[in-house]
Amino acid sequence: MIIEPKTRGFICITSHPKGCEKSVLNQIDYIKSKGKIESPKNVLVIGASTGFGLASRITSAFGSNSSTIGVFFEKPPLEGKTASSGWYNTAAFETEAHKEGIYAKSINGDAFSNEIKQKTLELIKKDLGQIDLVVYSLASPVRTHPVSGIRHKSTLKPIGNAYTNKTVDFHTGEVKNISIDACTEEDIKNTVAVMGGEDWEMWIDELKKKDLLSSNFKTVAYSYIGPKLTEAVYRKGTIGKAKDHLEKTAFTITDSLKDINGKAYISVNKALVTQSSSAIPVIPLYISLLYKVMKENGVQEGCIEQMHRLYTERLFLDQVPTDSEGRIRIDDLEMRSDIQEKVSQLWEKASTETLSSIGDLKGYKTEFFNLFGFNYDEVDYKIETNEIVNIPGLQ
């Protein structure tokens, strides 16, 4: 079939297998170009099919020849209907890994569920014995609690007062004001239930109970802080409460791992174009301006550059550098005072008329469509493409 991008709001409902493959190959090439990395050999990535999770899996496999198991929830292809991009990403990743004799298997299903946890534990026990590193990179708007059965839905709302600020419709380039009503206490509870640290802790508890964690085991989950500009809707909003919970959970997990000398870390990463960030009001405009400034300063990074720096300059050093809250910071370039000062200045000037010159809306849109395998110069989108692609190591 001829596959074209079809958008609905902040998501693209089609994806292109050849474009997704190109995205994965680009990331693999980047990691290979950097030489070997000293990192754990058996790695479990929860949320492994897109964004930071996929980049972590690529960095482990092609930087260290690590054996990886990936867990994700993706839509498979049907005749005449494309799979979700994470499906095609994983197919491309596993195909390349297997070509090089690197172990890579995947489980597709709800990572919040007991069923998928147990399926993953059985695979680890059968194939790998023990895990040295767990990367927790789940991004989901909903979670059915495995004990209570309650379905929690996260919200992106400010706390206390309604919030009004500028945002951009990145499809049209229109800059306009947006108002978001304040959340309820129920909204906070639900968002923490979905995006907080409870599920991360459940995974580690189950793995430890079954003796599937090696000594000196590490686990890392990803977070974001961001600037004052976005804090009302992000860090001081419902999602911020969930991130606070996630960050506290790192200490709880570390306490539970003392007997195996294990450690849990939070890595605070930079703002990037992802399916999740595209849904957050204000953030697309902020990223458009941020990209412009970071590119001008020669410090722009994508997911794969961030993960390479996390692995080589932070997570696997003898002394892991952290901030006063015990968090790893690879958002350091984004949060540089000169970068943030310039972004704040541009924010004041940002309008529908000025954004094309003062921001990088084109870069934002390109990266958004790249997420779904579109807008790669090397891919001919006019030719028929087989939408049915299998993941070689899918369990």
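Scroll up to find the structure this text is about.
Residues numbered from 1 in each chain as written. Predicted model: local features only at pLDDT ≥ 70, side-chain atom pairs only at ≥ 80, totals over all residues. Heavy atoms only, no water.

A look at the overall build of the protein chain
From N to C terminus, the protein chain includes 13 helices and 13 strands. Over its C-alpha trace the protein chain gives a radius of gyration of 20 Å, about what one expects of a compact globule, namely 21 Å for 395 residues. Each principal axis of the C-alpha atoms in the protein chain carries an extent, and together these give about 60 × 50 × 45 Å. Within the protein chain, buried positions represent 57% of all 395 residues. Of the contacts formed within the protein chain by residues at least 6 apart in sequence, a portion of 78% connects residues at least 24 apart. Accessible area of the protein chain: about 17000 Å², with a carbon and sulfur share of 49%. With 49 positive and 52 negative side-chain charges, the protein chain shows a separation of 1 Å between the mean positions of the two kinds. (Helix = DSSP H or I, 4+ residues; strand = E, 2+ residues; numbered from the N terminus. Rg over C-alpha atoms; globule rule 2.2 N^0.38 Å. Buried < 20%, exposed > 50% of the residue type's maximum accessible area, 1.4 Å probe, protein only. Contact = heavy atoms within 4.5 Å. Areas by Shrake-Rupley, 256 points an atom, 1.4 Å probe, with all protein chains shown as cover. Lys, Arg positive; Asp, Glu negative; His and termini not counted. Charge placed at Lys NZ, Arg CZ, Asp CG, Glu CD.)

Structural notes on the pattern of salt bridges
Enumeration according to the criterion identifies 26 salt bridges in this entry. A salt bridge links K117 to D199; the shortest N-O distance between them is 2.7 Å. Within this pair, whereas K117 is found in helix α4 (residues 114–127), its partner D199 is found in helix α6 (residues 198–209), the two being separated by 82 residues in sequence. Across the pair R327 and E247 runs a salt bridge, and its minimum N-O distance is 3.0 Å. Of this pair, R327 sits in the loop between α10 (303–315) and β13 (328–329) while E247 is found in helix α8 (residues 238–256), placing the two residues 80 residues apart along the sequence. Each member of the pair, R327 together with E247, is buried. (Salt bridge = Lys/Arg side-chain N within 4 Å of Asp/Glu carboxyl O.)

So, the packing of aromatic side chains
Throughout the structure, instances matching the rule amount to ten aromatic pairs. When the ring of F62 is compared with that of F93, the centres are 5.9 Å apart and the planes differ by 85°; the resulting orientation is edge-to-face. In this pair, F62 sits in helix α2 (residues 51–64) while F93 sits in helix α3 (residues 85–99), placing the two residues 31 residues apart along the sequence. Here Y224 and Y234 contribute two aromatic rings whose centre-to-centre distance is 5.2 Å and whose plane-to-plane angle is 85°, an arrangement assigned as edge-to-face. Remark: Y234 occurs in the loop between α7 (228–231) and α8 and Y224 occurs in the loop between β11 (213–223) and α7; sequence separation between them is ten residues. Judged by relative accessible area, which is 6%, Y234 ranks as buried. Among the aromatic residues, ring-to-ring pairing joins F170, Y364, F368, F369 and F372 into one connected group. (Phe/Tyr/Trp six-rings, centres within 6.5 Å; stacked < 30°, edge-to-face > 60°.)

Some thoughts on the sheet that holds strand β5 (residues 104–108)
Sheets are built from strands that pair by backbone hydrogen bonding, the pairs being arranged parallel or antiparallel. Taken in spatial order, the seven strands of this open sheet run β5-β4-β3-β6-β11-β12-β13, and their pairing is parallel. Every interior strand has two partners, whereas the edge strands, β5 and β13, have only one. Pairing between β11 and strand β12 (residues 263–268): six bridges, direction parallel. Note on β12: the bridge partner recorded for S223 is V268. α6 contacts β3 (42–46), β4 (67–72), β6 (131–136), β11 and β12 of the sheet and is inclined by roughly 170° relative to β11. (Pairing = 2+ DSSP bridges. Axes fitted to C-alpha atoms, helices over the stretch in contact; angles between N-to-C directions.)

Points about α8
Under the 1.5 Å per step criterion, the end-to-end length of α8 is 27 Å for 19 residues, consistent within 8% with the ideal 27 Å. Residues of α8 that are buried include every one of T238, I239, G240, A242, K243, L246, E247, T249, A250, I253 and T254, and no others. As for α8, its buried residues are in contact with α5 (185–195), α6, β11 and β12. (Expected span 1.5 Å × (residues − 1).)

Considering unusual backbone geometry
Located in the positive-phi region is N216, a residue other than glycine, with phi close to 65°. Assignment of secondary structure puts N216 in strand β11. A positive phi angle, close to 80°, is found at V282, a residue other than glycine. With respect to the helices, strands and loops of the structure, V282 is situated in the loop between β12 and α9 (283–296). The class of V282 is buried, set by a relative accessible area of 0%.

Describing the nonpolar core
Side chains of nonpolar character tend, in soluble globular proteins, to be buried together. Ranked by internal contacts, the top residues of the largest apolar core, which has 83 residues, are I58, F62, Y286 and L289. Broken down by element, the residue count for this core peaks at nine residues, all from α9. Counting 32 residues, the second-largest nonpolar core is a separate cluster that includes I69, I107, F217 and L246. (Core = buried A, V, L, I, M, F, W, Y, C linked by side-chain atoms within 4.5 Å.)

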